[in-house]
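Structural characterization, general
What follows is the residue order along each chain.
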Amino acid sequence: MKNPRKWKKWILPWLTLTLTACGQHTPKSAQPSWPVVRVSVNVSSSFLALPLYVAQNLHLFQDEHIRVDIVPANHSELMISDTVKSWPVLGSLASRPDLFLVAPAPDPHFRLKALDRLPVEYADNLQISLNLLQSIMTLNRTHPYLETVSFKNIQNLWRQRHLPWAIVTLHQFYQLRQQDPHTVILNWLGASTGPIPVLILSGHSKNSVRFLRAINLALWYIHTSSPKTIAGILANPQEKSLPQQIAQGLHYELWPVTTYISPSEYNRGRALYSLSTQDTWPPYYEGVDKKLATQALSAAY
């Protein structure tokens with residue numbers, strides 16, 4: 001090269017553009033000044049929190065110019081949980097329970113009423129969903145003796161065929177079926193509930209609308225992309241059955257179209273939870289921040 005200065009003048013910008021195109025770009029200078037939203041996640045089924053993980057992996061929070069930190073509940077502004085932590089609630093990330101009664105063999109004549117007064121084991125991670133589980137059983141006019149067992153113990157008992165049935169999440173069902181291919185779903189406990197707020201966002205942050213907008217866009221991706229594409233976004237190659245699990249979750253309508261909680265959805269959940277707990281939900285106009293939830297449905301661009 002005859003003139004090194006001229007060479008540097010055009011090669012350095014070209015190199016910068018090339019590295020940027022390959023994803024090697026430096027962090028945006030504005031990012032450190034973006035407000036931080038501290039969120040706690042206390043859920044019985046991480047699978048139900050799929051919209052949160054999709055939003056994180058697609059950088060949808062950055063698109064809203066916020067940074068989301070997952071923190072313990074006592075340090076959080078916003079809370080994602082199976083149970084309501086504060087009123088009014090801001091939205092819902094899941095609209096059907098991830099509760100499945102599974103068995104080591106099919107029974108075409110099975111009905112939930114057959115469980116009445118019988119012991120039924122459920123995975124210990126579902127303990128925080130116990131009120132919902134009891135409400136569903138009461139709704140179906142059956143009262144089994146629900147006993148919590150660690151999922152590891154359920155797996156051991158399943159391997160030995162010492163359990164006639166168990167209540168687990170969809171992901172856990174796939175793990176049991178990997179052990180025993182004859183494992184089947186006897187009953188999906190969300191079939192009788194209809195759409196209800198299952199995974200609830202509550203709390204207060206001045207950036208709640210931005211957070212909800214990102215989750216709404218993640219829900220749009222989940223409902224409009226193929227399960228294989230969504231599984232690829234999560235980048236978990238060890239979960240080979242993840243596309244199938246997502247497809248089945250969509251079939252069961254585990255996730256809503258948006259985070260907005262409608263009056264019918266809220267009142268259905270309010271009536272259901274009242275079957276097992278004395279902590280009644282307030283009326284819809286007090287229980288849902290409708291103004292904020294509606295703002296989150298509008299585009300920010």
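Worth saying up front: this structure is predicted, and the values here are computed from it rather than measured.

On to the overall build of the chain. The helix and strand inventory of the chain stands at twelve helices and ten strands. Across the 301 residues in the chain, those meeting the buried criterion constitute 46%. Sequence separation of at least 24 residues holds for 84% of the intrachain contacts in the chain that already meet a minimum separation of 6.

Right, let's talk about the side chain of Arg96 for a bit. Checked against the element boundaries, Arg96 lands in the loop between β4 (91-94) and β5 (100-103). Side-chain polar atoms of Arg96 contact the backbone oxygen of Gly190, separated by 3.1 Å.

Looking only at helix α8 (residues 227-234), the buried set comprises Ile230, Ala231, Ile233 and Leu234. Looking straight down α8, one finds its buried side chains confined to an arc of 155 degrees; they lie on one side. Turned more than 90 degrees from where α8 packs its buried face, Lys228 and Gly232 sit exposed. Looking at the packing, one finds that the buried side of α8 touches α2 (50-57), α7 (208-224) and α9 (242-251). Downstream of α8 by a residue or two, Ala235 has a phi angle that is positive, lying close to 55 degrees.

What follows deals with unusual backbone geometry. With an omega of -5 degrees, the peptide bond between Trp87 and Pro88 qualifies as cis. You can see Pro88 is positioned in the loop between β3 (78-81) and β4. Its identity is not glycine, yet Glu253 carries a phi of approximately 55 degrees, on the positive side. Looking at where Glu253 falls in the secondary structure, it is placed in the loop between α9 and α10 (263-273).

What follows is about the sheet that holds β4. Strand pairing within a sheet occurs via backbone hydrogen bonds; the two strands may be parallel or antiparallel. Read from one edge of the open sheet, five strands run β2-β1-β3-β10-β4, paired in mixed fashion. Looking at which strands have only one partner, the edges of the open sheet turn out to be β2 (67-70) and β4. With strand direction ignored, the average angle separating the axes of adjacent strands in the sheet is 30 degrees. Bridge count for β3 against strand β10 (residues 199-203) is four bridges, and the pairing is antiparallel. Each residue of the ladder has a partner; that of Ser81, found in β10, is Ile200.

Calculation rules
Residues numbered from 1 in each chain as written. Predicted model: local features only at pLDDT ≥ 70, side-chain atom pairs only at ≥ 80, totals over all residues. Heavy atoms only, no water. Helix = DSSP H or I, 4+ residues; strand = E, 2+ residues; numbered from the N terminus. Buried < 20%, exposed > 50% of the residue type's maximum accessible area, 1.4 Å probe, protein only. Contact = heavy atoms within 4.5 Å. Polar contact = N/O pair within 3.5 Å; in protein donor to acceptor, adjacent residues only side chain to side chain. Arc of directions from axis to C-beta. Pairing = 2+ DSSP bridges. Axes fitted to C-alpha atoms, helices over the stretch in contact; angles between N-to-C directions.

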